[in-house]
Amino acid sequence: MVSKIIKSAVAALLAVAGVQAAQNQLQQITVSPNPNNVGLYVYRPTRIAANPPLIVAIHFCTGSAQNYFTSTQYANLADTYGFIVIYPDAPRSGKCFDVHSTQTLTHDGGGDSQGIASAVKYAIANYGVDPKRVFVTGTSSGAMMTNVMAGSYPDLFAAASAYSGVPFACFAGTSEWNSACANGQVSHTAQQWGDLVRAAYPGYTGPRPKFMQWHGTADTTLYYPNFAQGLLQWTNVFNVSQTATQTFSNNPQASYTKTVYGDASNPVVIGYSAQGVGHTVPVHESIDLDWFGITGSGATTTAAPTTTGTTTTAVPTTTTAAPTTTTITTATSTPTTPTGCLSQKWGQCGGLTWTGCTACAAGSTCQKQNDYYSQCL
Ligand SMILES: *[C@@H]1O[C@H](CO)[C@@H](O)[C@H](O)[C@H]1NC(C)=O
């Protein structure tokens, strides 16, 4: 168990960019109820959008709030778009989140999930967060926790993006680690998976977060069968067909396959299967932001202005438009290194085994972070 957790963390560290230019620092907040004393840290950019969106971004085993803050781009993107980020910090020595207890898998039942839910409510009450634009994402243990938050607190979240996790309640039991689930040996029907989510909050009939999940086929920590099981679960929750309505090869990059479930023009579940990728799939922040509607053609968020205003933090509603071009492109069907294509700012542009675009969109240049990851900055 410990070796798997460490392996997970090392892979995650190799996969992420390690660049941090965020304007501000993390601030710890104290909320109640928080029965397990989950650490809760908030990032608020200098220029916050009116009624800002909120992203809860959750770290992997052995990680920390500070680590996920510095190793992902959500804070930098918050500087640009004016949303707020909360980084939970696991309250136990292995630094994994509680994704197994009955408490955490129950709405208002206690556990780690209740502390994180309290932080969301705190942000709505104290920072003017738009309660309809609260999102959750995470990697590995944080991806499992993303499933937990979406299942136990469907009333709080509008969308989720989970990197290399397992379905809601797959880890259910008395132990922090569930080898059968981790090894991909827990399988249920779509109905059974959906029932587990519905049982977390009996009687709830309101909206639920649309769900995006990412998984590498070569994952040997939380094995790949969990990807298909998760798609069964969330398509059942939304009562849409388990058959994809659209499939895109080499999207958003070579060797990734995107499958879309539900109404193709307004999907409720999306899967990204990453051929040959292990634990964990690198975070694709710009795609998360599009999925959350913070950027992209469906954006309802007004971006923070690019010029100040030093005397006010108010955000004009008519300034900088959200990008109108999508960052999701369908590449050609051959998984060779594309020529002439551009990675978006913050996107990956190189690294060992990288087969995607190696040039960067205007305004950014490709900078090597480590042997495994170069990024458009
Ligand atoms: C699920 O969708 C079908 C139609 O596709 C409908 O007949 C059925 O009532 C729906 N079930 C629920 C629980 O909403």
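None of the values given here were measured: they were computed from a predicted structure.

Colleague: Quick rundown of the packing of aromatic side chains? Include the residues and the values.
Modeller: In this structure the tally under the stated criterion is 11 aromatic pairs. Between F60 and Y68, the aromatic rings sit 6.3 Å apart at their centres with planes inclined by 75 degrees, giving edge-to-face as the arrangement. By relative accessible area, Y68 is classed as buried at 0%. When the ring of Y201 is compared with that of Y204, the centres are 4.8 Å apart and the planes differ by 20 degrees; the resulting orientation is stacked. For Y201, a relative accessible area of 22% translates into the label partly exposed. Judged by its relative accessible area of 17%, Y204 falls in the buried class. Among the aromatic residues, ring-to-ring pairing joins Y43, F69 and Y87 into one connected group. Over the aromatic face of W291 sits the side chain of K210, whose NZ or CZ is 4.1 Å from the ring centroid.

Colleague: Describe the confidence of the model for the chain, listing the residues and the values that go with them.
Modeller: When pLDDT is averaged along the chain, the result is 85; 80% of the residues meet or exceed 70. Note on residues 9-19: pLDDT is under 50 here. Beyond four places in sequence and across chains, it has 33 contacts. Within the model, pLDDT remains below 50 along residues 306-339, and this stretch shows 55 contacts once partners closer than five positions in the same chain are excluded.

Colleague: Before we move on, could you go through the packing of helix 4 (residues 111-127) against helix 5 (residues 141-152) and cite the residues and values that matter?
Modeller: At a closest axis distance of 10 Å, the pairing of helix 4 and helix 5 adopts a crossing angle of 75 degrees. The angle between helix 4 and helix 5 places the two elements in the roughly perpendicular class. Between helix 4 and helix 5, the contacting residues are D112, S113, I116 and A117 on the first element and M145, V148, M149 and S152 on the second. When the residues that make up the contact of helix 4 with helix 5 are grouped by side-chain class, the tally is 5 nonpolar, 2 polar and 1 charged.

Colleague: Outline the environment of G142, listing residues and values.
Modeller: Residue placement: G142 occurs in helix 5. Each C-alpha atom of the pair G142 and F97 lies 7.1 Å from the other, and the pair is 45 residues apart in sequence.

Colleague: Tell me about helix 5, and name the residues and values.
Modeller: It helps to recall that an α-helix has 3.6 residues per turn; residues three or four apart then point in one direction. Given a rise of 1.5 Å per residue, 12 residues ought to cover 16 Å, and the 16 Å separating the end C-alpha atoms of helix 5 matches this to within 8%. Helix 5 sits mainly inside the fold: 12 of its 12 residues count as buried. Listed as buried for helix 5 are S141, G142, A143, M144, M145, T146, N147, V148, M149, A150, G151 and S152.

Colleague: Give a description of unusual backbone geometry that names residues and reports values.
Modeller: A cis geometry characterises the amide bond from S32 onward to P33, with omega recorded as 0 degrees. When you line up the elements, P33 lands in the loop between strand 1 (27-28) and strand 2 (39-43). In this model, H279 is joined to T280 through a cis peptide bond whose omega is 15 degrees. Note that T280 resides in the loop between strand 10 (269-274) and helix 9 (285-292). For T62, which is not glycine, the phi torsion reads 75 degrees and is therefore positive. Within the element layout of this structure, T62 appears in the loop between strand 3 (54-58) and helix 2 (65-71). One non-glycine residue with positive phi stands out, namely S164, at about 65 degrees. Tracing the sequence through the fold places S164 in the loop between strand 6 (159-163) and helix 6 (179-182).

Colleague: Before we move on, could you go through helix 4 and cite the residues and values that matter?
Modeller: Between its terminal C-alpha atoms helix 4 stretches 25 Å, which fits the 24 Å expected from 17 residues at 1.5 Å a residue. Counted residue by residue, helix 4 has 12 buried out of 17 residues, so it is predominantly covered. Looking at helix 4, one finds that the buried residues are G111, D112, S113, Q114, G115, I116, A117, S118, A119, V120, A123 and Y127. Where helix 4 is buried, its residues meet strand 2, strand 3, strand 4 (84-89), strand 5 (134-139) and helix 5. Of the residues flanking the end of helix 4, it is G128, one or two places downstream, whose phi is positive at about 70 degrees.

Colleague: Explain the state of the cysteines to me, and be specific about the residues and the numbers.
Modeller: What the rule picks out here adds up to 2 disulfides. A sulfur-sulfur separation of 2.0 Å characterises the disulfide bridge that pairs C61 with C96. Disulfide C61 to C96: torsion about the S-S bond roughly 125 degrees, handedness right-handed. Of the two residues, C61 is situated in the loop between strand 3 and helix 2 and C96 in the loop between strand 4 and helix 4; the sequence distance between them amounts to 35 residues. For the pair C61 and C96, one class covers both residues: buried. A disulfide bridge connects C170 with C181, and the sulfur atoms are separated by 2.1 Å. Torsion about the S-S bond of the C170 and C181 cystine: about 120 degrees, corresponding to right-handed handedness. Of this pair, C170 sits in the loop between strand 6 and helix 6 while C181 sits in helix 6, and the two are 11 residues apart along the sequence. Judged by its relative accessible area of 0%, C181 falls in the buried class.

Reading the values: rules and limits
- Residues numbered from 1 in each chain as written.
- Predicted model: local features only at pLDDT ≥ 70, side-chain atom pairs only at ≥ 80, totals over all residues.
- Heavy atoms only, no water.
- Phe/Tyr/Trp six-rings, centres within 6.5 Å; stacked < 30°, edge-to-face > 60°.
- Buried < 20%, exposed > 50% of the residue type's maximum accessible area, 1.4 Å probe, protein only.
- Lys NZ or Arg CZ within 6 Å of the ring centre and 35° of its normal.
- pLDDT = per-residue confidence, 0-100.
- Contact = heavy atoms within 4.5 Å.
- Axes fitted to C-alpha atoms, helices over the stretch in contact; angles between N-to-C directions.
- Helix = DSSP H or I, 4+ residues; strand = E, 2+ residues; numbered from the N terminus.
- Parallel < 35°, antiparallel > 145°, perpendicular 65-115°, else oblique.
- Nonpolar A, V, L, I, M, F, W, Y, C, P; charged D, E, K, R; others polar.
- Expected span 1.5 Å × (residues − 1).
- Disulfide = S-S within 2.5 Å.

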